[in-house]
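# Inside the fold
Each chain is listed here by its residues.
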Amino acid sequence: MDKNNDKRAIMIWTVVVMAVITALVICYFAVLYGKYVGINRDDKDIYDERQNNENVDAVPELTYKYMLVRQEDYFVIYKYVIKDGEIYRDFYDYAMINPEMCDDNLLGDLEIGIGFKDEEQLYDFLQAYSS
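The rules behind these values
- Residues numbered from 1 in each chain as written.
- Predicted model: local features only at pLDDT ≥ 70, side-chain atom pairs only at ≥ 80, totals over all residues.
- Heavy atoms only, no water.
- Helix = DSSP H or I, 4+ residues; strand = E, 2+ residues; numbered from the N terminus.
- Contact = heavy atoms within 4.5 Å.
- Areas by Shrake-Rupley, 256 points an atom, 1.4 Å probe, with all protein chains shown as cover.
- Pairing = 2+ DSSP bridges.
- Buried < 20%, exposed > 50% of the residue type's maximum accessible area, 1.4 Å probe, protein only.
- Arc of directions from axis to C-beta.
- Salt bridge = Lys/Arg side-chain N within 4 Å of Asp/Glu carboxyl O.
- Axes fitted to C-alpha atoms, helices over the stretch in contact; angles between N-to-C directions.

Bringing the overall build of the protein chain into the picture now. In terms of helices and strands, the protein chain carries four helices and four strands. The linear arrangement of helices and strands in the protein chain, starting from the amino end, is α-α-β-β-β-α-β-α. Residue pairs in contact within the protein chain that sit at least 24 positions apart in sequence constitute 50% of those at least 6 positions apart. Roughly 11000 Å² of accessible area belongs to the protein chain as shown, and the carbon and sulfur atoms make up 54% of that amount.

As structure tokens, this is what we get:
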């Protein structure tokens, strides 16, 4: 009977240890995910402070006003606009870019999209790489 109690105690401790290890692994990945998406306590405090300030309307900010994206054999310019408090991407124009003037890194960036803060930046880029 002592052997059964010993086996039971070992089994209980094994389950407890596995539960603790599982909890630690979950916490570890939660912390990594928080760092990956850029969440930290300071950002949360700033967000909470903005939400609690009744004098400031929550309006999204645009990082880029224009985005140039390569789609198959052509290049598309999109313009970002804020409508009803939401950010939308609208078609703006096609760009005549010569792919032979672009290195592989630039072409890779264009596959993802290159952002421009204003028309001047966009037109400077287009002037440099247009055919």
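And the narrative resumes.
Take the pairing of strand E3 (residues 86-95) next. Every other side chain in a regular strand lies on the same face of the sheet, so the side chains alternate between the two faces. Bridge count for strand E2 (residues 74-83) against E3 is nine bridges, and the pairing is antiparallel. Pairing of Ile77 across the sheet is with Asp93, part of E3. Here E2 folds back onto E3, and the loop between the two strands holds two residues, one of which, Asp84, carries a positive phi near 55°.

The phi dihedral of Glu72 falls on the positive side, at around 60°, and the residue is not glycine. The backbone phi angle of Asp84 is positive, close to 55°, even though this residue is not glycine. Along the chain, Asp84 turns up in the loop between E2 and E3. Classification of Asp84 by relative accessible area gives exposed; the value is 79%.

Those residues of helix H4 (residues 119-129) not exposed but buried are Leu122, Phe125 and Leu126. Along the axis of H4, the buried residues cluster in a sector spanning 100°; they form a single face. Set apart from the buried face of H4 by more than 90 degrees, the exposed residues are Glu120 and Gln127. On its buried face, H4 is in contact with strand E1 (66-71), E2, E3, helix H3 (104-112) and strand E4 (114-116).

Okay, the pattern of salt bridges next. A complete count under the given rule lists two salt bridges for this structure. Between Glu111 and Arg70 there is a salt bridge, with the nearest N and O atoms lying 3.9 Å from each other. Taken as a pair, Glu111 in helix H3 and Arg70 in strand E1 lie far apart in primary sequence, 41 residues in all. With a relative accessible area of 19%, Arg70 lands in the buried category. A salt bridge links Lys83 to Asp90; the shortest N-O distance between them is 3.5 Å. Residue classification places Asp90 among the partly exposed residues on the basis of a relative accessible area of 28%.

Spatial strand order, E3-E2-E1-E4: four strands in an open sheet with antiparallel pairing. Pairing within the sheet leaves two strands with one partner each, and these edge strands are E3 and E4. For this sheet, the mean inter-axis angle between neighbouring strands, taken without regard to orientation, is 30°. With six bridges connecting them, E1 and E2 associate as antiparallel partners. Following the sheet pairing, Gln71 is matched in E2 by Tyr74. Strands E1, E2 and E4 of the sheet are contacted by H3, whose axis makes an angle of about 105° with E1.

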